[in-house]
Amino acid sequence: MQKITPFLWFGKDAEKAAEFYVSLFENSKIGDISHYPEATVEVSGQKKGSVMTVEFELSGQKLIGLNGGPIFKFTPAISFFVSCKTVEEIDRIWTKLSEGGKVLMEFGKYPFAEKYGWLQDKFDLSWQLMLSDKPQKITPTLMFVGKVAGKAKEAIKFYTSLFSGFASGEKDSKIINMIHYEKGEGDKEENIKHAEFTLSGQEFMAMDSSLPHPFTFTEAISLMVNCESQEEIDYFWEKLSAVPEAEQCGWLKDKYGVSWQIVPTVLSKLLSDKDQKKVERVTAAFLKMKKFDIAKLKEAYAGK
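In this text the structure is predicted, and so the values were computed from the model without any measurement.

Regarding the overall build of the protein chain
Point 1. Secondary structure summary: the protein chain contains eight helices and 15 strands in total.
Point 2. Across its three principal directions, the C-alpha atoms of the protein chain cover 65 × 40 × 35 Å.
Point 3. Relative to its full complement of 304 residues, the protein chain shows a buried share of 52%.
Point 4. Taking the contacts inside the protein chain whose residues are at least 6 apart along the sequence as the reference set, 64% of them involve residues at least 24 apart.
Point 5. Accessible surface for the protein chain amounts to roughly 14700 Å². Of this, 52% is attributable to carbon and sulfur atoms.
Point 6. For the protein chain, the separation between the mean place of its 40 positive charges and that of its 43 negative charges on side chains is 3 Å.

Here we look at the sheet that holds strand 15 (residues 259-264)
Point 1. Strands sit in the order 2-3-4-1-13-15-14 across an open sheet of seven strands; the sheet is mixed. Both edges of this open sheet fall to strand 2 (29-35) and strand 14 (251-253), since each of them pairs with a single strand only. Each adjacent strand pair in this sheet contributes to an overall mean axis angle of 25°, direction not counted.
Point 2. Bridge count between strand 13 (residues 221-227) and strand 15: six bridges; the pairing is parallel. Looking at the pairing, Cys227 lines up with Pro264 of strand 15.
Point 3. Lying on the sheet, helix 1 (residues 14-24) is in contact with strand 1 (4-10), strand 2, strand 3 (51-58) and strand 4 (61-67); it crosses strand 3 at an angle near 10°.

Section: the packing of aromatic side chains
Within a pair of aromatic rings, the relevant descriptors are the distance that separates the centres and the angle that separates the planes.
Point 1. Enumeration over the complete set of coordinates arrives at 27 aromatic pairs.
Point 2. Taking the centre distance of 5.8 Å and the plane angle of 20° together, the rings of Phe197 and Phe204 count as stacked. Each member of the pair, Phe197 together with Phe204, is buried.
Point 3. An aromatic cluster of at least three residues, connected via ring pairs, comprises Phe10, Phe20, Tyr21, Phe25, Phe56, Phe74, Phe80, Phe123 and Trp127.
Point 4. One Lys or Arg, Lys122, reaches over the ring of Phe20 and ends 4.3 Å from the middle of that ring.

Concerning helix 7 (residues 276-287)
Point 1. Along its twelve residues, helix 7 runs 16 Å from first to last C-alpha, staying within 8% of the 16 Å computed at 1.5 Å per residue.
Point 2. Turning to helix 7, the residues buried within the fold contact helix 6 (266-271) and helix 8 (294-302).
Point 3. Backbone nitrogen of Lys277 and a side-chain oxygen of the N-cap are separated by 3.0 Å at the start of helix 7; the cap is Asp275.

Description of the environment of Ser210
Point 1. Within the fold, Ser210 resides in the loop between strand 12 (202-208) and strand 13.
Point 2. For Ser210 and Lys134, which are 76 residues apart along the polypeptide, the C-alpha to C-alpha distance reads 27 Å.
Point 3. Look past the residues within four positions of Ser210 in its chain and what remains in contact with it is Ala149, Asp187, Lys188 and Asn191.
Point 4. There is a polar contact of 3.0 Å between the side chain of Ser210 and the side chain of Asn191.

Examining the pairing of strand 4
Point 1. Counting buried positions along strand 4 yields six of seven residues, so the element is predominantly enclosed.
Point 2. Two strands pair when backbone bridges link them, and strand 1 and strand 4 are joined in this way by four bridges, in the parallel orientation. Among the inter-strand pairings, Phe10 is bridged to a residue of strand 4, identified as Asn67.
Point 3. Bridging between strand 3 and strand 4 involves six bridges; their strand directions are antiparallel. Looking at strand 4, one finds that Thr53 is bridged to Leu66.
Point 4. The antiparallel pairing of strand 3 with strand 4 creates a hairpin that spans two residues between the two strands, and Ser59 there sits at a positive phi of about 50°.

A look at the packing of helix 4 (residues 152-164) against helix 5 (residues 230-240)
Point 1. It is at 11 Å that the axes of helix 4 and helix 5 come closest, and there the two elements cross at 160°. It follows from the interaxial angle that helix 4 and helix 5 lie roughly antiparallel. Seen from above, helix 4 lies across helix 5 with right-handed handedness. Across the interface between the two elements, Phe158, Tyr159, Ser161, Leu162 and Phe163 of helix 4 pack against Tyr235, Phe236, Lys239 and Leu240 of helix 5.
Point 2. A class-by-class count of the residues in the contact of helix 4 with helix 5 yields seven nonpolar, one polar and one charged.

Rules and cut-offs
Residues numbered from 1 in each chain as written. Predicted model: local features only at pLDDT ≥ 70, side-chain atom pairs only at ≥ 80, totals over all residues. Heavy atoms only, no water. Helix = DSSP H or I, 4+ residues; strand = E, 2+ residues; numbered from the N terminus. Buried < 20%, exposed > 50% of the residue type's maximum accessible area, 1.4 Å probe, protein only. Contact = heavy atoms within 4.5 Å. Areas by Shrake-Rupley, 256 points an atom, 1.4 Å probe, with all protein chains shown as cover. Lys, Arg positive; Asp, Glu negative; His and termini not counted. Charge placed at Lys NZ, Arg CZ, Asp CG, Glu CD. Pairing = 2+ DSSP bridges. Axes fitted to C-alpha atoms, helices over the stretch in contact; angles between N-to-C directions. Phe/Tyr/Trp six-rings, centres within 6.5 Å; stacked < 30°, edge-to-face > 60°. Lys NZ or Arg CZ within 6 Å of the ring centre and 35° of its normal. Expected span 1.5 Å × (residues − 1). Polar contact = N/O pair within 3.5 Å; in protein donor to acceptor, adjacent residues only side chain to side chain. Parallel < 35°, antiparallel > 145°, perpendicular 65-115°, else oblique. Left-handed = near helix turned anticlockwise from the far one by under 90°. Nonpolar A, V, L, I, M, F, W, Y, C, P; charged D, E, K, R; others polar.

Now the structure itself:
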């Protein structure tokens, strides 16, 4: 199982967006689709039976889209870097993603790439496309701006240490490279121009930008950590949560403003049961929680 799953908060277009993205990338597919149960209607404002989440996979990268209403908005603080191996591929994907979207960096030749561009698509999700031979097709990328500009190096060291430290044997969490700005490149020399790192074998990228930006990290994109035990949930929750008021239903916000979800792997099994009464009980239970309690979820499932 993919350890960390990007979780995308759409207003109402999760299914439409997932179908669009799947059409762009090879070896991609729609997975499970969940619907809003009765227990969530009041708190979510969504209709019972309407699409809640859509799981989908893009060239090996698993993601989940949520229809959560117009509460949170995507920003370029988290984007998805796409490694394209041919000119035909990058041209095709850029053309499709840019339709109805907004260009953030013009598509063309740069000192660091033969072809590169950065855009927000028609759903406002941000993508960076580059001709590259990177093995991981799609890589979540964090840009530290505003109050956390200059914190990329510190955050990367924190995240890699965190995912290396759990006793169950999390592996392959390491810094691959860090490139600092050089004098005259438009940012502070101690800041990160580009960095690559892995968390439990998944590759991520990060950068700093001290330029004025009208955005930062938001809950619209969170990183969902799949946990096998209560011990693991407790570990990540204690290490990551830094904003008490952001704690709700497994969600938290770290000291850099990045949102995470610390979720037991058993939850999806409990919520996919054909017995809707069990699903309603489990849903009602987790809606009252901040940090997930596996034992209490199982008790709700059993009707205890």
